[in-house]
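Examination of the molecular architecture
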Amino acid sequence: MPEKFLKPYDPAATESRVYAEWEKSGLFNPDECVKQGVTTADAPPYSIVLPPPNVTGRLHMGHALMLAVEDAFVRYRRMRGFRTLWVPGTDHAAIATQSVVEKQLKKDTGKNRHDLGREGLLKHIEAFAAESHDTIVGQLKTMGASLDWSREAFTLDEVRSRAVRNVFKQMYDAGLIYRGLRIVNWDPKGQTTISDDEIVYEERPAKLYTFRYSKDFPIPIATTRPETKVGDVAVAVHPDDARYAGFVGKEYDALFCDVPIHIKVVADAAVDPAFGTGAVGVTPAHSQTDWDIADRHLLSHETIVINEYAKMMVPGRLEGKKTSEAREMVVAWLTDEELLEKEEPITQSIATAERTGGIIEPLPKLQWFIAVDTKIPGRGKTLKELMLEPVRSGAIKIVPEYFDKTYFHWIENLRDWCISRQIWYGHRIPVWYRSPDAHGKQGEEIMVGIEPKEAGWSQDEDTLDTWFSSGLWTFSTLGWPEDTADIKTYHPTDLLETGYDILFFWVARMILMTEFVLNTVPFKTVYLHGLVRDAQGRKMSKSLGNSLDPLDISAKFGADAARMALVVGNTPGTDLRMSEDKIKGYKHFANKLWNIARFILENTPNADTNTPLTAEDKEVFSKLDALAREVTEDMENYRIYLAAEKLYHYAWHELADKILEESKPIFAGSDEAARASRARLLLALLDRTLRLLHPFMPFITEEIYQSMPTKDSEFLMVAKWPIQSEKLKLSKSISR
RNA sequence: GCGCUCUUAGCUCAGUUGGUUAGAGCGUUCGCUUCACACGCGAAAGGUCGGAGGUUCGAAUCCUCCAGAGCGCACCA
């Protein structure tokens, strides 16, 4: 028996060494597996792309969960002989990364983006991204992720940029990408537009003010934003509202807080007669619904009263004031003029920007959009339909199943996707403009996709929403738009595993992009894990100081222990409470396994694998055989939380507690046949247990395997899974 | 407003889509310097499965309603 078993298991020392050996073997790469004969060139492929972590710092426990689950699936398939590919990569995460760096710069040097300029800021961001990347790669390896590093990708590298330009052009040519003046979500803090999905609504107390524009204005209106009323062009009432029917069509002039306004009364069904006074002041430039009302009644959109810095831009006392200040001034003015009729507290949910926390200011802006309701030429379908169909037909299965309802519900409410951002870090929009004269848009030429050679063209200043490039991830990582062998072999990918919180952001966009570009699904199954929370059920966050760092955890308890703690009993779609105590429990389990190995190796020095098993031992073995089948079925049906739990239970409470205890008197006895049979049995049980546990606890199982006389491959990582070809029970439904 | 999920032992959760006395981990209590392991071993206590109906030979599991908790989307003048 090797000496190492005389001491308690030391994960810290073992894990980094074992990972280095795996990496050196090249066996994370399926091509190398074929070359070395651990699988064959005609074996079925199995592929997963790693959801690329943002290069915004370091990985957290959510990432560790993702890695534990994906690596378990990947290792299981690899052992079953599939040509298994797990593609690593990182995401430039445009706005997230830029805002982290800008904050840091402001703190360190007091400088903002304009002090540095585009090139200067990008240099800082790229340096930061490179450092984050290296940290992240180190963390991925620490967790034991068997990723094929030879295929590593970055959403902003050359190959991926080519894919982005290519797709942009295709969508533009198909009329799905368009430039339009529309109300967008403007983040005054981040100084950029954001998409609807990047808005976080926050409930806040607010006041609802009821007032009239002037003494002779017939209808009182209610608003929470009196300062925007200087931009009003109309008052809308419900068509059936008898109170106001007589005023519809009439027009009024007023001087509202120094600003001359002209108001027309219109009837529009969008108005809720029960809310406030049943009359809405219509501010087309600063509200989506008002913009739509203005559209329907041919009212002007042009009066903009708030600028990009959320400051007033009207003549008079309000000029240059922040909206919050202006609000107080308007209310004071209304009070002085005795126009304010009522002031009541209400709760309203305020739109804030996910990354900067800035309060969203709806503004009309010329931006780029992806049309989701436009029929695609030659396909007769809209992007919305392309997103719906594969999930509806079962071509894509979501685990847990109930999330497809959430998915459908989201698509039903989906509007055109604003993809241009006024930030500098990211894919520059591949559009060039040339104007015949220095001003105006008159006669402007446009070039999309490839930079024009002639002089006089200038590229669009904006960059693309980061999710545009991550939407291409399953095929851009495989070398598209080149017609690569990887695309042919590994696409569509088999599994997409990620958190349910980015179902819309990412999963839906991948389906959209892949269906449009390749006319196929990006993946066959989506496995959604839940959020990792702290022991009290709170979200882990830096500000709360309750987050666990996967690196610290691995150093303290071992990556194997962390992985088991993340996987056992953790059903998909459900949040998970995590604590050091839980992880500690699995460190103890690792040590238990270590001692099981020690006991067995100690007692079977000359075991003969040809010795016949006694009837009793055959029976003991058949129990593990049954478990192996069950575990295999669990893996196939995405019940890895059960598979891991069963193996834990078997190793500890069956193998150690019962079988090893029963073996002691046998080894102490004088029945030679029974002793020989038992020695062979124990080795076989341990061998099989190691194989079954390897996807969940790769390091310790590999380390023990290296000392096993039953070892039949260089690494356990590529050893045969005990159940290979038997027919397995597959649930029709794989929801839970 | 539309939609989703959860409610099972003191705590955190399973329960593989209806099948014998409902499980695990942690915790608690009691006992163990047993030569694989104190990162351990043995034993014990602890649940009318949120409530009320219904379907069924049979329900924690399916249906309806009710109560509580969480979440998503929309609205938010």
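Residues numbered from 1 in each chain as written. Chains lettered and ligands numbered in written order. Predicted model: local features only at pLDDT ≥ 70, side-chain atom pairs only at ≥ 80, totals over all residues. Heavy atoms only, no water.

In this section: the overall build of chain A. Scanning chain A for helices and strands turns up 21 helices and 25 strands. Based on the C-alpha atoms only, the size of chain A along its principal axes is roughly 110 × 60 × 55 Å. Expressed as a percentage of its 736 residues, the buried residues of chain A come to 56%. For chain A, contacts bridging at least 24 residues in sequence account for 76% of all contacts bridging at least 6. Here chain A contributes 91 positive and 108 negative side-chain charges, whose respective centroids are spaced 3 Å apart. (Helix = DSSP H or I, 4+ residues; strand = E, 2+ residues; numbered from the N terminus. Buried < 20%, exposed > 50% of the residue type's maximum accessible area, 1.4 Å probe, protein only. Contact = heavy atoms within 4.5 Å. Lys, Arg positive; Asp, Glu negative; His and termini not counted. Charge placed at Lys NZ, Arg CZ, Asp CG, Glu CD.)

With that settled, the discussion passes to the sheet that holds strand S7 (residues 199–211). What the three strands build is an open sheet, ordered S8-S7-S13; its pairing is antiparallel. With partners counted over all chains shown, the strands left at the sheet margins are strand S8 (221–223) and strand S13 (340–353), one partner each. Ignoring which end each strand starts from, the neighbouring axes of this sheet average 25 degrees apart. Pairing of S7 with S13 involves 13 bridges; the strand directions are antiparallel. Paired with Tyr 201 across the two strands is Ala 351, which belongs to S13. (Pairing = 2+ DSSP bridges. Axes fitted to C-alpha atoms, helices over the stretch in contact; angles between N-to-C directions.)

Right, let's talk about the confidence of the model for chain A for a bit. This prediction gives chain A a mean pLDDT of 93; 98% of its residues lie at or above 70. Ignoring residues within four places in sequence, the model shows residues 732–736, a span with pLDDT below 50, making 11 contacts including any to other chains. Scored by ipTM, the complex comes to 0.94, with pTM at 0.95. (pLDDT = per-residue confidence, 0-100.)

Taking 1.5 Å per residue, 14 residues should reach 20 Å; helix H8 (residues 323–336) reaches 20 Å between its end C-alpha atoms and fits that length. Taken residue by residue, H8 has Thr 323, Ala 326, Val 330, Val 331, Trp 333 and Leu 334 as its buried positions. Seen from one end, H8 has its buried residues packed into an arc of 160 degrees, which puts them on one side. Residues of H8 that are exposed and point over 90 degrees away from its buried face: Glu 328 and Asp 336. Buried positions along H8 lie against S7, strand S10 (251–256), S13 and strand S14 (361–370). Immediately downstream of H8, the backbone of Glu 338 shows phi near 55 degrees, a positive value. (Expected span 1.5 Å × (residues − 1). Arc of directions from axis to C-beta.)

This next bit is on the packing of helix H18 (residues 615–636) against helix H20 (residues 672–693). Packing of H18 against H20 brings their axes to within 10 Å, and their N-to-C directions diverge by 5 degrees. By the criterion of interaxial angle, the relationship of H18 to H20 is roughly parallel. Of the residues in H20, those touching H18 at Glu 616, Asp 617, Val 620, Phe 621, Leu 624, Asp 625 and Ala 628 are Ala 674, Ser 677, Arg 678, Leu 681, Ala 684, Leu 685, Arg 688, Thr 689 and Leu 692. Residue classes in the contact of H18 with H20 are distributed as nine nonpolar, two polar and five charged. (Parallel < 35°, antiparallel > 145°, perpendicular 65-115°, else oblique. Nonpolar A, V, L, I, M, F, W, Y, C, P; charged D, E, K, R; others polar.)

Let's shift gears to the pairing of strand S18 (residues 431–434). Along any regular strand the residues' side chains alternate between the sheet's two faces. Looking at chain direction, S18 and strand S19 (residues 445–448) are connected through four bridges and run antiparallel. The residue of S19 that forms the bridge with Tyr 433 is Ile 446.

In this chain, Trp 480 is followed by Pro 481 through a cis amide linkage whose omega measures 15 degrees. The step from His 491 to Pro 492 runs through a cis peptide bond, and the omega angle for that step is 0 degrees. Secondary-structure assignment places Pro 492 in the loop between helix H13 (485–490) and strand S22 (493–499). With phi around 55 degrees, Leu 298 is a residue other than glycine that occupies positive phi space. Mapped onto the elements, Leu 298 comes out in the loop between helix H7 (288–296) and H8.

Quick look at the environment of Thr 406 now. Here Thr 406 is to be found in helix H10 (residues 403–412). It is 9.2 Å that separates the C-alpha atoms of Thr 406 and Leu 503, two residues lying 97 residues apart in sequence.

The local shell around RNA strand B holds 47 residues, among which Tyr 201, Ala 222, Thr 223, Val 280 and Arg 639 are the closest. Among atoms of RNA strand B positioned within 4 Å of the protein, sugar and phosphate together represent 61%. Note that a base nitrogen of RNA strand B is positioned 3.3 Å from one of the backbone N or O atoms of Asp 272. A distance of 3.2 Å separates a sugar or linking oxygen of RNA strand B from a polar atom in the side chain of Asn 591. The set of elements that each furnish at least two residues to the surface near RNA strand B consists of S7, S8, S13, H10, helix H17 (580–603) and helix H19 (640–668). Of all the elements, H19 adds the most residues to the surface near RNA strand B, at 11 residues. Of the residues contributing to the surface near RNA strand B, the split by class is 16 nonpolar, 15 polar and 16 charged. (Near = heavy atom within 4 Å. Polar contact = N/O pair within 3.5 Å; in protein donor to acceptor, adjacent residues only side chain to side chain.)

On the secondary structure map, Arg 421 appears in strand S17 (residues 420–421). Considering only alpha carbons, one finds Arg 421 and Gln 191, 230 residues apart in sequence, at a separation of 9.0 Å. Setting aside chain neighbours within four positions, we find Arg 421 in contact with Thr 192, Thr 193, Ile 194, Ser 195, Glu 198, Asp 462, Thr 463, Leu 464 and Asp 465. Within the structure, the side chain of Arg 421 is placed 3.0 Å from the backbone oxygen of Cys 418, a separation counted as a polar contact.

Within this structure, the stated rule accounts for 58 salt bridges. Between Arg 355 and Glu 354 there is a salt bridge, with the nearest N and O atoms lying 3.9 Å from each other. For Glu 354, a relative accessible area of 35% translates into the label partly exposed. Note that Arg 678 is salt-bridged to Glu 616, the shortest N-O span being 3.7 Å. Note that Arg 678 is positioned in helix H20 and Glu 616 in helix H18, a separation of 62 residues in sequence. A relative accessible area of 0% places Arg 678 in the buried class. Salt bridges here are not isolated pairs; linked through shared partners, they connect Lys 4, Arg 17, Glu 21 and Glu 703. (Salt bridge = Lys/Arg side-chain N within 4 Å of Asp/Glu carboxyl O.)

A word on the packing of aromatic side chains. Summed over all chains, the structure comprises 32 aromatic pairs. For the pair Tyr 19 and Trp 22, a centre-to-centre distance of 6.1 Å together with 75 degrees between the ring planes defines the contact as edge-to-face. Placement of the pair is Tyr 19 and Trp 22 together in helix H1 (residues 11–25), with a separation of three residues, close to one helical turn. The two residues Tyr 19 and Trp 22 agree in class, both being buried. Connected via pairs of aromatic rings, a cluster forms that spans Phe 211, Tyr 213, Phe 217, Tyr 252, Phe 256 and Trp 333. Geometry around Trp 424 places Arg 113 over its ring, the cationic atom sitting 5.9 Å from the centre. Here the basic side chain of Arg 392 rests over the ring of Phe 408, its NZ or CZ set 5.4 Å away from the ring centre. (Phe/Tyr/Trp six-rings, centres within 6.5 Å; stacked < 30°, edge-to-face > 60°. Lys NZ or Arg CZ within 6 Å of the ring centre and 35° of its normal.)

The subject of this paragraph is the sheet that holds S19. Adjacent strands of a sheet form backbone hydrogen bonds with each other and so pair up, either parallel or antiparallel. Sheet architecture is open: three strands sit in the order S19-S18-S20, paired in antiparallel fashion. On the outer flanks of this sheet lie S19 and strand S20 (458–459), each paired with one strand and no other.

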